[in-house]
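The lines below spell out each chain.
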Amino acid sequence: MSILLIPQAEHYDERTAILAPEGAFTYRQLLDASRRVASFLLDGASDLKEKPVVFLTPPGFDYVAMQWGIWRAGGIAVPLSLFHPRFELEYVLDDTSPAAAVVHPDLSNRLGRPAEERKLRLASSTEALAHPAGPVPAVATSRRAMILYTSGTTGKPKGVVTTHANIAAQITSLVEAWGWTGEDRILEILPLHHLHGIVNVMACALWVGAVCEIHPAFDARKVWDRIAGGGLTLFMAVPTIYVKLIDAWEKASPAERDQMSRGCRKMRLMVSGSAALPVPVLERWKQVSGHVLLERYGMTEIGMCLSNPLRGQRQPGRVGLPLPGVEVRLTDVGGAPVGAGTPGEITVRGKTVFLEYWNRAEETRKAFRDGWFLTGDIAVQESGIYRILGRSSVDIIKTGGYKVSALEIEETLLAHPDIKECAVVGVADSTWGERVVAALVMREGAGLDADALRAWSKERLASYKVPKDVLAFKELPRNAIGKVSKPDLKKIILRS
C-alpha cells in the first residue's frame with residue numbers, strides 16, 4: 001500500500017488513535033473501518049482512479065474513517081464544510097462532479113436533495129462503515145488525494161488539489177520541526193474542511209502514533225475544562241480562538257483561572273496560525289498560559305512553509321524561517337529575488353506545494369513562475385527572520401483563521417434587489433484579525449436593514465463570510481479611472 005499514512009498506522013495497531021464523540025478507537029479499528037468504507041465505495045470496481053468523493057460528516061471517528069476510506073479506494077477526498085449553506089455545497093458538487101456523495105445521517109437533509117437533483121450516488125456514512133471489507137487497490141503516492149476549496153482573487157472558490165506525496169511531505173516537515181512523537185496528545189477543535197485541522201493537527205498526530213482528541217465544535221468553556229483536566233501535550237488554534245479563550249479565562253473565578261493556567265503549563269507546545277497573531281494577544285496569552293505561542297505561516301496551496309522555532313527565541317510579529325524541505329524566497333514584481341530588508345512577494349517551492357487547481361489549467365499556470373508558487377503575500381526578511389507585511393491583493397480578507405474573497409462576497413451582495421453598488425473590505429479587528437465590512441449604495445427608495453441583509457446573506461454565504469458591519473453610502477470613493485478605491489474606503493470606515 002503506497003498511501004503513506006496506512007503503513008504508518010499499521011505500526012501502532014492497538015494503540016489509541018482517536019477519542020471522539022463516538023468513543024475511543026485504536027489504529028487497528030481505524031484501519032478496519034477505512035477498509036470497509038473503501039470496499040463500499042468501490043462497489044465491485046478495482047479502483048476509483050482518482051474520482052472525487054465528497055463527504056459531509058461531523059468531526060469525529062467517522063470523519064477520519066471516511067477520509068481514509070476514500071483514499072484507500074483510490075479516490076480524491078473532498079470534505080464539505082458543516083458551515084456552508086446549500087448554495088456553497090452545490091457549488092462544490094457542480095465543480096467536482098463526484099463519483100459519490102457520502103453523508104452522515106444527522107446531516108442528510110443538507111446534502112440529500114442537491115445530490116439527488118444531480119443524480120449522484122448518495123450514501124449514508126453508517127451504511128459505508130457497516131459494509132464488509134474487501135480488497136483495495138495499491139495507490140501510488142503521485143496520485144491525487146484531496147481537494148480543499150479556498151477563495152481566490154477571482155471571487156469563486158478554487159479546488160486545491162494535493163497528492164498523497166504532497167500530504168506526506170507536509171506532515172513530515174511539521175513532525176520534524178515541531179518534535180511530534182507517539183507520546184503526544186492533541187485536542188482537535190478546528191474545522192475539518194481546512195488544512196489547519198486536517199494536516200497540522202489530525203494527520204500529524206496519526207502519522208506518529210499519537211492520540212487525537214476530536215471535539216465536535218469549539219466551545220471556550222469546554223476547551224478550558226479539557227485543558228484544565230491535563231494530559232494534553234499540544235494545542236493549535238487560530239488567533240480568534242485564543243482571543244475567546246482569554247476572554248473566558250478572565251471571566252472565570254481565581255481558583256478556576258489557576259487550574260486553567262496550570263493545564264496550559266503542562267503542555268509542551270501551543271501554536272497559532274491561519275491569520276496574523278496580534279502582538280497584544282501573544283503577550284496576554286503568555287500571561288495566562290506561560291506559553292509564547294509559536295506562530296507560523298502557510299496556506300492551502302503549500303501547507304506550512306515558515307515557522308518560529310520549537311526551541312529558541314520566538315519573535316512577536318514574525319513567522320520565523322523556512323520549514324524542513326521547503327524553499328522560500330522573496331521576489332519583486334518581475335520575479336527577481338530581493339535582498340534582506342527589501343519587501344517582496346513570498347514564493348515557495350518544494351514537495352509540499354500542491355499539484356493544481358481542479359479543472360483550472362490556466363489559473364494553475366498563472367499561480368507559478370519558473371516552478372515557484374506565488375503566494376500573493378508580501379514579507380520582508382530581517383536578520384534572517386520573515387515578517388509578513390500584508391497581501392498583494394486588497395481583495396483577500398483573513399478573518400477568524402479563514403481566507404475569504406471580497407469579490408465573492410460582493411458578487412453575492414449585488415444579487416440583492418435593493419443593492420445598487422457594494423464594496424467589501426477587511427478592517428483590523430482584535431478578535432477576528434480582520435472583520436468583513438460591506439459598504440453599500442442602496443437603490444432609490446430602498447432603506448438598509450442590516451439584520452435582514454445579514455440573514456439574507458447567511459442563506460448564500462458561509463457564516464464567516466457574512467459582513468459583520470454593513471454601512472450605507474451615498475457613493476463609494478473612486479480613483480481617477482472610476483474604480484472603487486478600497487484604501488480610501490477603509491480610511492473612511494475607520495474614521496466613522
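Rules used throughout
- Residues numbered from 1 in each chain as written.
- Predicted model: local features only at pLDDT ≥ 70, side-chain atom pairs only at ≥ 80, totals over all residues.
- Heavy atoms only, no water.
- Helix = DSSP H or I, 4+ residues; strand = E, 2+ residues; numbered from the N terminus.
- Rg over C-alpha atoms; globule rule 2.2 N^0.38 Å.
- Buried < 20%, exposed > 50% of the residue type's maximum accessible area, 1.4 Å probe, protein only.
- Contact = heavy atoms within 4.5 Å.
- Areas by Shrake-Rupley, 256 points an atom, 1.4 Å probe, with all protein chains shown as cover.
- Axes fitted to C-alpha atoms, helices over the stretch in contact; angles between N-to-C directions.
- Parallel < 35°, antiparallel > 145°, perpendicular 65-115°, else oblique.
- Left-handed = near helix turned anticlockwise from the far one by under 90°.
- Nonpolar A, V, L, I, M, F, W, Y, C, P; charged D, E, K, R; others polar.
- Pairing = 2+ DSSP bridges.
- 1 Å grid on protein atoms, 1.4 Å probe; cavity = no way out; pocket = protein on both sides within 12 Å on 5 of 7 lines; lining within 4 Å.
- Points joined across faces, edges and corners; volume = space filled by probe spheres on them.

(A) Summary view of the overall build of the chain. Looking only at helices and strands, one finds 16 helices and 26 strands in the chain. Whereas a compact globule of 496 residues would reach a radius of gyration of roughly 23 Å, the chain reaches 23 Å, a difference of no more than 12%. Within the chain, the proportion of its 496 residues that are buried is 58%. For the chain, long-range pairs separated by at least 24 residues make up 67% of all intrachain contacts whose partners lie at least 6 apart in sequence. Carbon and sulfur atoms make up 51% of the accessible area of the chain, which totals about 20100 Å².

(B) Structural view of the packing of helix α2 (residues 27–42) against helix α3 (residues 61–72). Two elements in contact, α2 and α3, have axes whose closest approach is 7 Å; the angle formed by their N-to-C orientations is 55°. With respect to α3, the element α2 is oriented oblique. Every pair of crossing elements has a handedness; the one defined by α2 and α3 is right-handed. Contacts between α2 and α3 pair Gln 29, Leu 30, Leu 31, Ala 33, Ser 34, Arg 35, Val 37, Ala 38 and Leu 41 from the former with Phe 61, Val 64, Ala 65, Met 66, Trp 68, Gly 69, Ile 70 and Arg 72 from the latter. Here the residues of the contact of α2 with α3 sort into 12 nonpolar, three polar and two charged.

(C) Layout of the side chain of Thr 162. Summarising the element assignment, Thr 162 is placed in strand β8 (residues 157–163). Setting aside chain neighbours within four positions, we find Thr 162 in contact with Arg 144, Ala 145, Met 146, Ile 167, Gln 170 and Phe 354.

(D) Looking closely at the sheet that holds strand β13 (residues 294–299). If you trace the nine strands from one edge of the open sheet to the other, you get β2-β1-β10-β9-β11-β12-β13-β14-β15, paired in mixed fashion. Two strands in the sheet have a free side with no partner beyond their single neighbour: β2 (23–26) and β15 (321–322). Where β13 and strand β14 (residues 303–307) come together, four bridges link them in antiparallel fashion. Of the residues in β14, the one forming a bridge with Gly 298 is Met 304. Strands β11 (234–237), β12 (269–272), β13 and β14 of the sheet are contacted by helix α7 (residues 164–178), whose axis makes an angle of about 30° with β14.

(E) View of the layout of surface pockets. By volume, the largest pocket amounts to about 700 Å³. Taken together, 34 residues make up the lining of the largest pocket; nearest its centre are Ala 276, Leu 389, Gly 390, Arg 391 and Glu 434. Counting residues per element, the ones that place at least two in the lining of the largest pocket are β13, β21 (385–391), β22 (396–399), β24 (419–429), β25 (433–442) and α16 (486–495). With five residues, the single largest contributor to the lining of the largest pocket is β24. Volume-wise, the second largest pocket comes out at about 610 Å³. Together, 33 residues line the second largest pocket, and Phe 83, Ile 189, Pro 191, Phe 218 and Tyr 402 are the ones closest to its centre. Among the residues making up the lining of the second largest pocket, the classes are represented as 18 nonpolar, 12 polar and three charged.

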